[in-house]
Amino acid sequence: MSIKGKAYIVGAYEHPTRKAPDKSVAQLHAECAAGALKDAGLTKDDIDGYICAGDAPGMGPINMIDYMNLTKIRFMDSTDVGGSSYLLHVAHAAQAIALGRASVVLITLAGRPRSEGQATGTAPRAGNPLVPDTQFEQQYAAVTGNGYAMVAARHMYEYGTTSEQLAWIKVAASHHAQYNEHAMLRDVVTVEDVVNSPMVATPLHRLDCCVISDGGGALIVTSPEIAKSLKRPLVKVIGAGESPKGQLGGMVDLTYSGAVRSGAAAWAESGVKPADIKYASIYDSFTITVLMQLEDLGFCARGQGGKFVSDGNLISGVGKLPFNTDGGGLCNNHPANRGGITKVIEAVRQLRGEAHPKVQVPNCDIALAHGTGGMLGTRHGSATLIMERE
Amino acid sequence: MARKMFPSVPSAENAAFWAAAEAGTLMVPKCKSCGKSHWYPRALCPHCFSDDIELIPSKGTGTIYSWSHMPRAPEPYTIAYVTLAEGVTVLTNIVDCDPKALKIGQAVKLAWQKVEGGPQVWVYTPA
Ligand SMILES: [Zn+2]
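Values in this document were obtained by computation on a predicted structure and should not be read as measured data. (Residues numbered from 1 in each chain as written. Chains lettered and ligands numbered in written order. Predicted model: local features only at pLDDT ≥ 70, side-chain atom pairs only at ≥ 80, totals over all residues. Heavy atoms only, no water.)

This paragraph deals with the pairing of strand S7 (residues 215–222) of chain A. All names here are of chain A. For S7, the buried fraction is high: eight of the eight residues fall into the buried class. In S7, alternate side chains face the same way, and those of Gly215, Gly217, Leu219 and Val221 on one face and Gly216, Ala218, Ile220 and Thr222 on the other are all buried. Here strand S1 (residues 8–14) pairs with S7 via six bridges, running antiparallel. Residue pairing across strands places Ile9 opposite Val221, the latter belonging to S7. In terms of strand pairing, strand S4 (residues 104–111) meets S7 through eight bridges, oriented antiparallel. In the sheet register, Val105 faces S7, and the bridge partner there is Val221. (Buried < 20%, exposed > 50% of the residue type's maximum accessible area, 1.4 Å probe, protein only. Helix = DSSP H or I, 4+ residues; strand = E, 2+ residues; numbered from the N terminus. Pairing = 2+ DSSP bridges.)

Residues and elements named next belong to chain B. Distances from the zinc ion to its protein donors, Cys31 (SG), Cys34 (SG), Cys45 (SG) and Cys48 (SG), fall at 2.3 to 2.4 Å. Given four donor atoms and angles of 102 to 116 degrees at the metal, the environment of the zinc ion is assigned as tetrahedral. For the zinc ion, the single-chain donor residues occur in sequence as C-x2-C-x10-C-x2-C. Exposure remark for Cys48: the relative accessible area of 35% places this residue in the partly exposed category. (Donors = N, O, S within 2.8 Å, 3.2 Å for Na, K, Ca; no water. Tetrahedral: all angles 85-135°; square planar, octahedral: opposite > 155°, others 65-115°.)

As a further point, take the packing of helix H6 (residues 163–177) of chain A against helix H10 (residues 287–296) of chain A. Axis angle and axis distance: for two packed helices, these are the angle between their axes and the distance between the axes, and together they describe the pair. Residues and elements named next belong to chain A. Across the interface, H6 lies against H10 with an axial gap of 9 Å and an inter-helix angle of 100 degrees. Looking at the two axes, H6 sits roughly perpendicular to H10. Contact residues: H6 offers Leu166, Ile169 and Lys170, while H10 offers Thr287, Ile288, Val290 and Leu291. When the residues that make up the contact of H6 with H10 are grouped by side-chain class, the tally is five nonpolar, one polar and one charged. (Axes fitted to C-alpha atoms, helices over the stretch in contact; angles between N-to-C directions. Parallel < 35°, antiparallel > 145°, perpendicular 65-115°, else oblique. Contact = heavy atoms within 4.5 Å. Nonpolar A, V, L, I, M, F, W, Y, C, P; charged D, E, K, R; others polar.)

With 41 residues of chain B at the interface, the matching set in chain A holds 40 residues. For the pair chain B and chain A, the summed buried surface comes to about 3,300 Å²; carbon and sulfur atoms form 60% of the total. Counting the contacts that link chain B with chain A gives zero salt bridges. Linking chain B to chain A there are 20 residue pairs in polar contact (both at pLDDT 80 or more). Secondary structure elements with two or more residues in the side of chain B that touches chain A: helix H1 (15–22), strand S3 (61–70), strand S4 (77–84), strand S5 (89–93) and strand S7 (118–126) of chain B. Here the element with the most residues in the side of chain B that touches chain A is S3 of chain B; it accounts for six residues. Taken together, the residues that form the side of chain B that touches chain A break down as 25 nonpolar, 13 polar and three charged. (Buried area = accessible area lost by both parts, 1.4 Å probe. Salt bridge = Lys/Arg side-chain N within 4 Å of Asp/Glu carboxyl O. Polar contact = N/O pair within 3.5 Å; in protein donor to acceptor, adjacent residues only side chain to side chain.)

In this section: the pattern of salt bridges. All names here are of chain A. Applying the stated criterion to the full structure yields 23 salt bridges over all chains. The residue Arg338 makes a salt bridge to Asp80 at a minimum N-O spacing of 3.0 Å. Here Asp80 lies in the loop between strand S3 (75–77) and helix H3 (85–98) and Arg338 lies in the loop between helix H12 (328–332) and helix H13 (340–352), a separation of 258 residues in the sequence. By relative accessible area, which is 12% here, Arg338 ends up buried. Looking at Asp80, the relative accessible area reads 38%, which means it is partly exposed. Residue Lys307 is joined to Asp311 by a salt bridge in which the shortest nitrogen-to-oxygen separation is 2.9 Å. Owing to a relative accessible area of 46%, Asp311 belongs among the partly exposed residues under this scheme.

This part covers the nonpolar core. In this structure, Ile277, Ile288 and Leu294 of chain A together with Trp122 of chain B are the most contacted members of the largest nonpolar core, which totals 86 residues. Per-element tally for this core: the top contributor is helix H5 (residues 144–159) of chain A, with seven residues. If we ignore the near neighbours within four places in the chain, the residues touching Leu294 of chain A are Ile282, Phe299, Cys300, Phe308, Val309, Leu314 and Leu321 of chain A. Within the second largest apolar cluster, 40 residues are counted, among which are Ile3, Ala7, Ala94 and Val221 of chain A. (Core = buried A, V, L, I, M, F, W, Y, C linked by side-chain atoms within 4.5 Å.)

Looking at chain B, the pLDDT average stands at 97 and 99% of residues meet or exceed 70. Interface confidence for the predicted complex, expressed as ipTM, amounts to 0.98; the pTM equals 0.97. (pLDDT = per-residue confidence, 0-100.)

Now for the sheet that holds S4 of chain B. Residues and elements named next belong to chain B. What the five strands build is an open sheet, ordered S5-S4-S3-S6-S7; its pairing is antiparallel. The sheet is open, and its two borders are formed by S5 and S7, each paired with just one other strand. Between one strand and the next, the sheet's axes are offset by a mean angle of 35 degrees, whatever the strand orientation. Relative to strand S6 (residues 107–115), S3 runs antiparallel, the two sharing three bridges. Bridge pairing in S6 links Thr61 to Lys109. Across the sheet, H1 touches S6 and S7, and the angle it forms with S7 is around 65 degrees.

As a further point, take the state of the cysteines. Residues and elements named next belong to chain A. By the definition in use, this model includes zero disulfides over all chains. Here Cys52 is not disulfide-linked; the sulfur of Cys32 is the nearest cysteine sulfur, at 13 Å. Overall, Cys52 belongs to the buried group, its relative accessible area being 0%. (Disulfide = S-S within 2.5 Å.)

Moving on to unusual backbone geometry. Between Thr202 of chain A and the following residue, Pro203 of chain A, the backbone shows a cis peptide bond with an omega angle of 5 degrees. With respect to the secondary-structure elements, Pro203 of chain A resides in the loop between strand S5 (199–201) and strand S6 (204–205). Along the chain, Trp39 of chain B connects to Tyr40 of chain B via a cis peptide bond; the corresponding omega equals 0 degrees. Phi is positive for Ala141 of chain A, which is not a glycine, with a value near 60 degrees.

Laid out in structure tokens, this is it:
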């Protein structure tokens, strides 16, 4: 059994805020839910499935379901694999819909790391001693920044990738962000700007890192019957995959990510191949995250990611694989330190033809969204989603 | 001055490993059933799920698999994965080094760092 063609994304909403000191996290979740329902042309009482991850306050989905007073829920899930969660949430929603366990599934994400002053990627935090790896690792201050930086350092060692090549990923994102009125960083930057920005975690510079923003997003996934009764362009789920990757019992290999397996599953289910993808949302917590996923998903050969991005391939209207046309996490938004839902939202905009005209991909009929959550260098979740405009 | 570290909270599962560490010996777990070493230490072999595991004293040598220096941290430090002679790759810090001179593949050797409120922990220095 496959989810191919069994579910459609009919609501997609990105909260316009990037700094929300006067709002609660629960409120942001609910505002996103209301926005996605309005986008879909559905109402709260249509929702019979709800999915959230660890950014939602409370015990799994229970407290948010009660806060929003969703009274018809018969399917719920709270799989938390960091920023990649929301991509596999779409797949889990599609599975529930395919089995008849739900007909309208709401997915929300929201958070306020900016208002709360979190130095998200660089401040060591004491770990939970019950987590089995904590006692062996927390003393060494693995933070998000250096956890990804070690992947970049190894890629440079293995393949000769350069800081200038990585910088092209930020350059491409900034070219797109200049058209997004809500983006945190709208200035177009150059390779020189990136490599001359302060070194945060060698070899990654400040401009290799994503923004820290408040905000959120929501998605509505539904059945073919309901989708076709609504007045929105039809965005069909045609394939998905999910995979964790860790340290493999001490056989650490930083040259690939879980995207190798999640991508293979999504390609197989959808029946499409990398060359068919007109637009890709690629998780961009850091520039290296993008490079790894491009190789792991097969958009270029292993080790060739640096050349692929420095040829301008990620820039809409210029390259072979326009990516993150909202400016991505690198320039636009990384709400709750989790960029997964905005990846799906911009892919939906592209498939509907509702992206900014300056970055809209012509005839965008097949799009991919991919997330990497947790820490690429230690243990992470990968989720791939492929969608088609009908 | 050594960087201030969060103290480890040894689990009962790994009491023998931590007792050896306190005595100045880094143990690498090796499975008697499948013959493979693993890291980090745990009660069931992550390769075959056998619980027949022995702790082998590490030779104390290894090479840098990857590293990253944090120059803007209040106390700058260098994190690394080091591949030990025993074959496992271990998350650690490289100390007493010039971070500009570090290279992947470089030989390093074991050292111990005292931690306030917890057991001493294994770090590495250029060999
Ligand atoms: Zn074994």
